[in-house]
Amino acid sequence: MLNIMMLAKLLKYRLDVDSTVVNSQIITTYYLDILSLSDHVEVDRVEVNRGNCPIQYSGGENPLGYGQSVRYILNCDPHNVREVKVYLQDGRELLMSPK
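Residues numbered from 1 in each chain as written. Predicted model: local features only at pLDDT ≥ 70, side-chain atom pairs only at ≥ 80, totals over all residues. Heavy atoms only, no water.

Draft legend 1. Expanded view of the nonpolar core. Judged by nonpolar contacts, the single largest core of 21 residues is most densely connected at Leu11, Leu32, Ile34, Val46, Val84, Val86 and Met96. For this core, the secondary-structure elements that each account for two or more residues are β1 (11-22), β2 (25-36), β3 (43-48), β5 (69-74), β6 (84-88) and β7 (93-96). (Core = buried A, V, L, I, M, F, W, Y, C linked by side-chain atoms within 4.5 Å. Buried < 20%, exposed > 50% of the residue type's maximum accessible area, 1.4 Å probe, protein only. Helix = DSSP H or I, 4+ residues; strand = E, 2+ residues; numbered from the N terminus.)

As structure tokens, then:
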């Protein structure tokens, strides 16, 4: 139980949106940010909705220090995100659900 609670305190995620106007058209991009709550976390890969919501790396450093984040472009409706699974370099997996 303690190991699961410690793992849950390593990372959290948030969804973000950015809208820009290009040639009189509004382009909306949704982002998934993985935020470190630990001094050192190495992310191997990230999966959204068991792979049914494609994501694309957008920026950020790896490994992550406390307060740092890595950003992905979310290629599905953010309202449909049910789970985010982060695979760490050391083999651990962290499953996060919306609160």
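Past the structure itself, the notes keep going.
Draft legend 2. Here's a closer look at the pattern of salt bridges. Per the stated rule, a full pass over the model turns up 6 salt bridges. One salt bridge connects Asp16 with Arg71, and the closest N-O pair in it is separated by 2.8 Å. Note that Asp16 is positioned in strand β1 and Arg71 in strand β5, a separation of 55 residues in sequence. By relative accessible area, which is 33% here, Asp16 ends up partly exposed. Where salt bridges share partners, they join Arg14, Asp16, Asp33 and Arg71 into one cluster. (Salt bridge = Lys/Arg side-chain N within 4 Å of Asp/Glu carboxyl O.)

Draft legend 3. Molecular detail of the state of the cysteines. This model, assessed by the stated rule, comprises 1 disulfide. Here Cys53 engages in a disulfide with Cys76; their sulfurs sit 1.9 Å apart. With the S-S bond torsion at -85°, the cross-link from Cys53 to Cys76 turns out left-handed. Note that Cys53 is positioned in the loop between β3 and β4 (55-59) and Cys76 in the loop between β5 and β6, a separation of 23 residues in sequence. (Disulfide = S-S within 2.5 Å.)

Draft legend 4. Just the side chain of Ser36, in detail. Mapped onto the elements, Ser36 comes out in strand β2. Given the relative accessible area of 0%, Ser36 is considered buried.

Draft legend 5. Fine view of the sheet that holds β4. Read from one edge to the other, the open sheet built from 4 strands follows the order β1-β2-β5-β4, with strand pairing classed as antiparallel. Only two strands of the sheet have a single partner each, and these edge strands are β1 and β4. Sheet twist, expressed as the average angle between the axes of neighbouring strands with direction ignored, equals 35°. Across 4 bridges, the pairing between β4 and β5 is antiparallel. Within β5, the position partnered with Ile55 by the bridge is Leu74. (Pairing = 2+ DSSP bridges. Axes fitted to C-alpha atoms, helices over the stretch in contact; angles between N-to-C directions.)

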